[in-house]
Amino acid sequence: MLIETIIFYTAAVLAIGGAVMMIRQQNPVASVLYFIVSLVAQAILYVQLSALFIGALLIIIYAGAIMVLFLFVIMLLNLRGEKFEGAQSKIGGGAKFVLSIVFFVELIFIVKQIVFPPGMQNGQQQIADTFGSVEMVATHLFREYLFPFELTSILLLVAIIGAVVIAKREKSDTGGEI
Amino acid sequence: MVPIVHYLILSALLFAIGTIGVIISRNLIIIFMAIELMLNAANLAIITFSRMHGNVDGHAFVFIVLTVAAAEAAVGLAIMIMIFRNKETINADKFNLLKR
């Protein structure tokens with residue numbers, strides 16, 4: 001009982017701390033690394049919610065693939081010497097914080113209005129041991145959600161083609177092949 | 001057992017931090033990562049509700065959201081490279097073509 005609480009709060013503090021440090025950084029590389037910290041903490045929370053497979057996917061896809069893509073783009077852009085002071089913005093910094101905090105309080109009010117259905121202890125139902133395992137998720141994915149699952153392949157194909165077309169250099173720019 | 005509301009509050013907090021990041025940050029890459037953080041917060045809420053109801057359907061949704069996030073990252077970073085090639089900067093304040 002107690003160890004679960006400790007794990008939850010440690011992971012929660014790590015997730016929030018990583019996220020806050022991420023948006024405060026000036027250097028985008030440090031920002032990516034803090035985001036990875038936040039992601040690993042969130043994966044721990046997923047595992048605690050007995051979503052083993054999705055937690056592993058989060059680390060593999062996000063921390064492994066998407067963040068490496070971000071690092072590659074940062075490397076390509078050559079941002080040395082860029083300044084990011086937000087002085088030009090018309091809205092003051094305090095107003096932005098106040099807006100965001102009002103938004104957060106609104107979300108909390110929505111969460112507080114959740115009424116748990118009867119028969120759930122602590123708002124959680126009893127589950128089988130195999131809940132969230134690869135076998136169970138795969139069974140759902142390939143039986144009930146087969147069509148959406150196949151549609152994601154088309155989505156990925158469109159994204160690949162779109163990325164290549166957008167990022168391709170015009171031939172008149174350099175005259176080269178790249 | 002940690003109460004389920006705590007997970008939801010954590011999810012709301014992460015979403016709010018993502019919103020703050022989008023509003024405050026001037027760096028296009030950090031704005032983009034804040035959007036990814038908001039997607040992740042929504043994923044955490046979905047997983048929490050999935051656990052609450054003891055139903056694996058939520059995991060399939062999260063799987064599809066992860067795919068969308070990957071596609072979005074690929075296209076968004078391509079757009080970012082395109083913008084950098086034209087404007088030589090990724091400061092979001094400099095992109096005011098529609099304002100003039």
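Within every chain, residues take consecutive numbers counted from 1 along the sequence as written. Chains carry letters and ligands carry numbers; both start at the beginning, A for chains and 1 for ligands, and go up in the order they are written. Totals for whole chains, interfaces and linings use every residue, but because this is a predicted model, local features are given only for residues with pLDDT of at least 70 and side-chain atom pairs only at 80 or more, for both listing and counting.

Student: Teacher, can you tell me more about the nonpolar core here?
Tutor: As used here, a nonpolar core is made of buried Ala, Val, Leu, Ile, Met, Phe, Trp, Tyr and Cys residues. They are joined through C-beta atoms within 7 Å. Burial in this document is a count-based property: other C-beta atoms within 10 Å of a residue's C-beta are tallied, and the residue is buried at 20 or more, exposed at 12 or fewer, or partly exposed in between, with C-beta positions derived from the backbone. By size, the foremost hydrophobic cluster in this structure holds 66 residues, and its most contacted members are Y46(A), I54(A), L14(B), M33(B), L44(B) and I47(B). In this text, helices come from DSSP runs of H or I with a minimum length of four residues, and strands from runs of E with a minimum of two, each type numbered from the N-terminal end. For this core, the secondary-structure elements that each account for two or more residues are α1 (2-24), α2 (28-48), α3 (52-77) and α6 (146-167) of chain A together with α1 (4-24), α2 (28-53) and α3 (57-87) of chain B. It is α2(B) that provides the largest number of residues to this core, a total of 15 residues. A domain split of this core shows at least three residues from each of domain 1 (1-80) and domain 2 (129-169) of chain A. Those residues within four positions of I47(B) in sequence are excluded, and the remaining contacts are Y46(A), L49(A), A51(A), I54(A), G58(B) and V62(B). Residue ranges assigned to the domains are those given by an automatic or database domain assignment. Throughout, a pair of residues is in contact if the C-beta atoms placed from their backbones lie within 7 Å.

Student: Can you help me understand the interface of chain B and chain A in this one?
Tutor: Think of interface size as the accessible area that goes away when the parts come together; that is how it is often given. At the interface, 64 residues of chain B touch 68 residues of chain A. Listed by contribution, the elements that provide at least two residues to the side of chain B that touches chain A are α1, α2 and α3 of chain B. Per-class residue counts for the side of chain B that touches chain A are 47 nonpolar, 13 polar and four charged. Residues are grouped as follows: nonpolar covers Ala, Val, Leu, Ile, Met, Phe, Trp, Tyr, Cys and Pro; charged covers Asp, Glu, Lys and Arg; every other residue, Gly included, is treated as polar.

Student: What should I look at first to understand the environment of Y7(B) in this one?
Tutor: By secondary structure assignment, the location of Y7(B) is in helix α1. For Y7(B), a count of 24 C-beta atoms within 10 Å puts it in the buried group. Sequence separation of Y7(B) and I47(B) is 40 residues, and the distance between their C-alpha atoms is 9.6 Å. Not counting residues up to four positions away in its chain, the partners in contact with Y7(B) are L49(A), L44(B) and T48(B).

Student: Would you take a moment to explain the packing of α2(A) against α2(B) for this structure?
Tutor: A pair of packed helices is characterised by two quantities: the angle between their axes and the separation of those axes. Only the stretch in contact is used when a helix axis is fitted, and all axes are lines through C-alpha atoms; the angle between N-to-C directions ranges over 0 to 180 degrees. Their axes nearest at 11 Å, the elements α2(A) and α2(B) cross at an angle of 5 degrees. On the basis of the axis angle, α2(A) is roughly parallel to α2(B). Taking contact as the criterion, the partners of P28(A), S31(A), F35(A), Q42(A), L45(A) and Y46(A) in α2(A) are, on α2(B), I29(B), I30(B), M33(B), N40(B), L44(B) and I47(B). In the contact of α2(A) with α2(B), the residues fall into nine nonpolar, three polar and no charged. Working rule for angles: under 35 degrees goes down as roughly parallel, over 145 as roughly antiparallel, 65 to 115 as roughly perpendicular, anything else as oblique.

Student: Mind showing me how you'd approach the packing of helix α5 (residues 134-143) of chain A against α3(B) here?
Tutor: Axis separation between α5(A) and α3(B) bottoms out at 9 Å; the angle between their running directions is 75 degrees. On the basis of the axis angle, α5(A) is roughly perpendicular to α3(B). The segment α5(A) lies against α3(B), with V137(A), H140(A) and L141(A) engaging D57(B), H59(B), A60(B) and F63(B). A class-by-class count of the residues in the contact of α5(A) with α3(B) yields four nonpolar, two polar and one charged.

Student: Can you walk me through the domain arrangement of chain A in this structure?
Tutor: All names here are of chain A. The domain architecture assigned to chain A consists of domain 1 (1-80) and domain 2 (129-169). Between the C-alpha centres of domain 1 and domain 2 the distance comes to 22 Å. Taken together, the four residues of domain 1 in the interface contact five residues of domain 2. Looking at the side of domain 1 that touches domain 2 residue by residue, the class counts come to three nonpolar, one polar and no charged.

Student: Quick question: what am I supposed to make of the environment of I90(B) here?
Tutor: Position of I90(B) relative to the elements: it lies in the segment after α3. Judged by local crowding, I90(B) falls into the buried class, with 25 C-beta atoms found within 10 Å. Spatially, the C-alpha atoms of I90(B) and N27(B) are 6.3 Å apart, while their sequence positions differ by 63 residues. Discounting chain neighbours no more than four positions away, the residues touching I90(B) are L77(A), L79(A), N27(B), L28(B), I29(B), M80(B), I83(B) and F84(B).

Student: Can you help me understand the environment of S31(A) in this one?
Tutor: Structurally, S31(A) is set in helix α2. Taking the C-beta count within 10 Å as the criterion, S31(A) has 24 such neighbours and is therefore assigned buried. Along the sequence, S31(A) and F149(A) sit 118 residues apart, while their C-alpha atoms lie 32 Å from each other. Each residue touching S31(A), except ones within four places of it in the same chain, is listed here: M22(A), Q25(A), I30(B) and M33(B).

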